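Residue-level structure breakdown
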Amino acid sequence: MNNDLAATKTLISELIELKKTSNTEIMIAPTFVNLLEASKLLKETSIKVVSQNMHYAESGAFTGEISAKMLKAVGVNAVILGHSERREYFNEDDLILKEKVDKALQESMEVIFCFGEQLDDRNSENHFKVVESQIKNALFHLPSSSWKSVILAYEPVWAIGTGLTATPAEAQEMHAFIREQLADVSAKIATQTRVLYGGSVKPGNAVELLGQPNIDGALVGGASLKAEDFLGIINAG
Ligand code: PGA
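Below: a short report on this structure.

**Here's the deal with the overall build of the protein chain**
Along the protein chain, the regular secondary structure elements total 11 helices and seven strands. Projected onto its principal axes, the C-alpha positions of the protein chain cover 45 × 45 × 35 Å. Out of the 237 residues in the protein chain, the part that is buried amounts to 49%. Within the protein chain, contacts between residues separated by at least 24 positions form 67% of all contacts whose residues are at least 6 apart in sequence. Accessible surface, the protein chain: about 11700 Å² in total, of which carbon and sulfur atoms supply 53%. The centroid of the 22 positive side-chain charges in the protein chain is displaced by 7 Å from the centroid of its 31 negative side-chain charges.

**A short note on the layout of surface pockets**
Taken as a whole, the second largest pocket spans an internal volume of roughly 170 Å³. Taken together, Ser 144, Trp 147, Lys 148, Val 150, Ile 151, Ser 186, Lys 188, Ile 189, Gln 192, Thr 193 and Arg 194 make up the full set of residues lining the second largest pocket. For the lining of the second largest pocket, the elements supplying multiple residues, two or more each, are strand E5 (150-154) and helix H9 (187-192). Partitioning the lining of the second largest pocket into residue classes produces four nonpolar, four polar and three charged.

**With respect to helix H5 (residues 94-106)**
Note on helix geometry: an α-helix contains 3.6 residues per turn, so any two residues three or four positions apart are oriented the same way. The terminal C-alpha atoms of H5, which comprises 13 residues, lie 18 Å apart, in line with the 18 Å expected from a rise of 1.5 Å per residue. Among the residues of H5, Asp 94, Leu 97, Lys 100, Val 101, Lys 103, Ala 104 and Leu 105 are the ones counted as buried. If you follow the buried residues of H5, they end up packed against strand E3 (78-81), helix H4 (84-89), strand E4 (110-115), helix H7 (127-139) and E5. Positive phi shows up at Ser 108, right after H5, with a value of about 60°.

What counts and how
Residues numbered from 1 in each chain as written. Predicted model: local features only at pLDDT ≥ 70, side-chain atom pairs only at ≥ 80, totals over all residues. Heavy atoms only, no water. Helix = DSSP H or I, 4+ residues; strand = E, 2+ residues; numbered from the N terminus. Buried < 20%, exposed > 50% of the residue type's maximum accessible area, 1.4 Å probe, protein only. Contact = heavy atoms within 4.5 Å. Areas by Shrake-Rupley, 256 points an atom, 1.4 Å probe, with all protein chains shown as cover. Lys, Arg positive; Asp, Glu negative; His and termini not counted. Charge placed at Lys NZ, Arg CZ, Asp CG, Glu CD. 1 Å grid on protein atoms, 1.4 Å probe; cavity = no way out; pocket = protein on both sides within 12 Å on 5 of 7 lines; lining within 4 Å. Points joined across faces, edges and corners; volume = space filled by probe spheres on them. Nonpolar A, V, L, I, M, F, W, Y, C, P; charged D, E, K, R; others polar. Expected span 1.5 Å × (residues − 1).

Encoded structure:
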């Protein structure tokens, strides 16, 4: 819930200007009310516009919610699902997320699926179990043909917006574990699925994080709100 319309427009124009030299794949996820303007501004560019959430139903009496079709109608073909704030403050559990994933894929949208452990889970050494169940419960029913539209984003909750970052070794360890879980589905899915890291990624730590063999990209919160910082991360990829 950052950036009103004016701030979103400014950030996008700065980003378009700055990113001209980069070949990194970039997606941006403004709030719902700024999606239409963002897709108009980014129409002629390679930057994709992504929603931060959506509802699982086709349409109907779900006051205040937004459907996949409504997103597609404003040029948004990708959605973030399962962000830790949605899980924590809006009670989105694995079952709801599974329905949302199914709906998004049914509508041919790309899904950026977030998951990650709380600090307590890590301190009690439950972090691998938690991550395993989050991805298994919401995603492992998918047919192999759907996986090309799924991007995973491992975001340890204790590192989101806190300034604490998983060390590159901690992040790599979890990403390698995620890759192993995917290999249980199929070797091809394990190799082809992109797994992003999120949680206080900044220009200063991006090179090392993105240099890890199993980290394919970053999901950036705070640092994406300043075009120059965001570009610093983009250029680290
Ligand atoms: P952060 O946020 O980069 O500010 O930690 C990440 C996120 O919101 O997913």
